Amino acid sequence: LKSKAKELLEKSNVRKAPVPVEKLASALNAIVRYQPFDGEVSGLVHNQDSQAVIGVNSNHAETRQRFTIAHEIGHLLLHQSESLHVDNQLRSVVNFRDEISSLGVDDSEIEANQFAAELLMPEEFILRDLKEISATEPEAAVEELAQRYRVSVQSMAIRLSKLGFIR
């Protein structure tokens, strides 16, 4: 997962945060469309022939939309056999996301979430940026990095924890 995210960043010449997820989707021949989806749908990816469409819930916060795009890019690259993937809290015949996947125990969802974190918050970028941030308190540092990377504070805190920078 890390190598796939890193490869995409390098191929697209992305060297600093915030990662331009729409540009990366475009580089993969995917069109990003924003729609006010009903219910708990955060996003979807429809892959047919050589064209993919990533649908993003326009009702969600920008940080959530960016994570959704990165997550759907993960499905595009990691789960190419799926022609339609919808991330939702309901389950249906088209691989809808359910309560189990939202808890992070469904393998394809875990992989797509890990990929999204690697793509939006690459370890090498964070290592470099940690040296530059002005905040001295851990909470303020997490907030400053979250703003720089245009991700939620929660996502940044989880990423920093997984990388061993905070407990």
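The model shown is predicted, which means the values in this text are computed figures rather than measured ones.

Student: How would you explain helix H3 (residues 62–78) if you had to name every residue and give the values?
Tutor: For H3, built from 17 residues, the straight-helix expectation of 24 Å at 1.5 Å per residue is met to within 8% by its first-to-last C-alpha distance of 24 Å. Among the 17 residues in H3, 13 count as buried, and that is most of the element.

Student: Which residues make up the packing of helix H7 (residues 138–149) against helix H8 (residues 153–162), and what are the values?
Tutor: It is at 9 Å that the axes of H7 and H8 come closest, and there the two elements cross at 110°. The angle between H7 and H8 falls in the class roughly perpendicular. The interaxial crossing formed by H7 with H8 has right-handed handedness. Seen from H7, the contacting residues are Val 142, Glu 143, Leu 145, Ala 146 and Tyr 149; seen from H8, they are Val 153, Met 156, Ala 157 and Leu 160. Of the residues contributing to the contact of H7 with H8, the split by class is eight nonpolar, no polar and one charged.

Student: Describe in detail the packing of aromatic side chains, supporting the description with residues and values.
Tutor: All told, the structure shown has zero aromatic pairs when counted by the stated rule. Just above the ring of Phe 125 sits the side chain of Arg 128; from NZ or CZ to the centre is 5.1 Å.

Student: Please set out unusual backbone geometry residue by residue, giving values where relevant.
Tutor: Of note, the bond from Ala 17 into Pro 18 is cis; its omega dihedral lies within 30 degrees of zero at 0°. Among the structural elements, Pro 18 can be located in the loop between helix H1 (2–11) and helix H2 (21–27). Located in the positive-phi region is Asn 13, a residue other than glycine, with phi close to 60°. Inspection of the secondary structure puts Asn 13 in the loop between H1 and H2. Judged by its relative accessible area of 47%, Asn 13 is partly exposed.

Student: Outline the side chain of Gln 65, supporting the account with residue identities and numerical values.
Tutor: For Gln 65, the location among the structural elements is in helix H3. A relative accessible area of 13% means that Gln 65 is categorised as buried. A distance of 3.3 Å separates a polar atom in the side chain of Gln 65 from the backbone oxygen of Asn 57.

Student: Please provide a residue-by-residue account of the pattern of salt bridges, values included.
Tutor: Summed over the entire model, instances satisfying the criterion amount to seven salt bridges. Put simply, Asp 129 and Arg 128 hold a salt bridge, and the shortest N to O gap is 3.9 Å. Judged by relative accessible area, Asp 129 falls into the buried class, the value being 5%. Residue classification places Arg 128 among the partly exposed positions, given a relative accessible area of 33%. Where salt bridges share partners, they join Arg 128, Asp 129, Glu 132 and Arg 148 into one cluster.

The rules behind these values
- Residues numbered from 1 in each chain as written.
- Predicted model: local features only at pLDDT ≥ 70, side-chain atom pairs only at ≥ 80, totals over all residues.
- Heavy atoms only, no water.
- Helix = DSSP H or I, 4+ residues; strand = E, 2+ residues; numbered from the N terminus.
- Expected span 1.5 Å × (residues − 1).
- Buried < 20%, exposed > 50% of the residue type's maximum accessible area, 1.4 Å probe, protein only.
- Axes fitted to C-alpha atoms, helices over the stretch in contact; angles between N-to-C directions.
- Parallel < 35°, antiparallel > 145°, perpendicular 65-115°, else oblique.
- Left-handed = near helix turned anticlockwise from the far one by under 90°.
- Contact = heavy atoms within 4.5 Å.
- Nonpolar A, V, L, I, M, F, W, Y, C, P; charged D, E, K, R; others polar.
- Phe/Tyr/Trp six-rings, centres within 6.5 Å; stacked < 30°, edge-to-face > 60°.
- Lys NZ or Arg CZ within 6 Å of the ring centre and 35° of its normal.
- Polar contact = N/O pair within 3.5 Å; in protein donor to acceptor, adjacent residues only side chain to side chain.
- Salt bridge = Lys/Arg side-chain N within 4 Å of Asp/Glu carboxyl O.

Note that all results are geometric; they support no functional claim without further evidence.
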